[in-house]
Amino acid sequence: MSSRAKRSRFVIGAGLMAAAIAYLIFFAVRQTAEYYVTVNELHQRQGELTGQMIRVAGRVQREAIGWDANSLTLSFAIAQPPIDPGAPSQPQLTPIVASAPVIFRVISRGEPKPDMFGAGRDVIVEGRLGPGNTIEARQVLTSCPSKYVPKDPAKNSGKAS
C-alpha cells in the first residue's frame, strides 16, 4: 500500500471520527438545552416555547399551594417577582404594559417538596411548558433570600453584652 493511500485512509478515518463526535455533541446539547426565562418573558414567548423544556424564575403566589405527601405532588402558582428598587436598572427590550399579572400553574410530581418552599419565595422551575399556562415541573428549586437582614439589631446587641 502506498503512503498516499495510507494518508487518505487516515484522513477519511479522522474525518469520520470528528463527524461522529460533532453529531454526539449536537444531540447531547439539544436534548439537555433549556430556555432560562422569567415569567414575563415566558408569557411573551409562550407560543414559541409550548412543549419545550424551560427553566423559569418566578415567585410563589400565596393562594392555591397544594401538597399531597402520599403522591409527592406539589402544585402552586408563580408570577413575576416585583422589581427590587435597590437593584441596578437593566434596559428593557419591550415595554411592559400594565395589566393583570401573568400567572403560571406549576405541577411537580414524584419529587419531595423543597425545604424552603413557601408563599412569597422565589423559585426556579425546570420542566415542560404545556397548554393553559401549565408547567409540568421535573424539579423545583428555591432560592435563598438575596439580602441578609437581622431581625432586630438592638435586640441582637443586647444579647452580646
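Scroll up to find the structure.
The following refers to the structure shown. (Residues numbered from 1 in each chain as written. Predicted model: local features only at pLDDT ≥ 70, side-chain atom pairs only at ≥ 80, totals over all residues. Heavy atoms only, no water.)

Some words on the overall build of the protein chain
Helix and strand counts for the protein chain come out as four helices and seven strands. Overall, the protein chain shows an N-to-C arrangement of helices and strands of α-β-α-α-β-β-β-β-β-β-α. Looking at the protein chain as a whole, 22% of its 161 residues are labelled buried. Long-range pairs, those at least 24 residues apart, make up 60% of the contacts in the protein chain with a sequence separation of at least 6. Within the structure as shown, the protein chain displays about 11,700 Å² of accessible surface, and the carbon and sulfur contribution to it stands at 59%. (Helix = DSSP H or I, 4+ residues; strand = E, 2+ residues; numbered from the N terminus. Buried < 20%, exposed > 50% of the residue type's maximum accessible area, 1.4 Å probe, protein only. Contact = heavy atoms within 4.5 Å. Areas by Shrake-Rupley, 256 points an atom, 1.4 Å probe, with all protein chains shown as cover.)

What about the side chain of Gln-46?
Relative to the elements of secondary structure, Gln-46 occurs in helix 3 (residues 46-49). For Gln-46, a relative accessible area of 16% translates into the label buried. Among the polar contacts listed, one links the side chain of Gln-46 to the side chain of Asn-133, at a separation of 2.5 Å. (Polar contact = N/O pair within 3.5 Å; in protein donor to acceptor, adjacent residues only side chain to side chain.)

Let's talk about the packing of aromatic side chains
Applying the stated criterion to the full structure yields three aromatic pairs. Between Phe-26 and Phe-27, the ring centres sit 5.0 Å apart and the planes meet at 85°, which makes this aromatic pair edge-to-face. (Phe/Tyr/Trp six-rings, centres within 6.5 Å; stacked < 30°, edge-to-face > 60°.)

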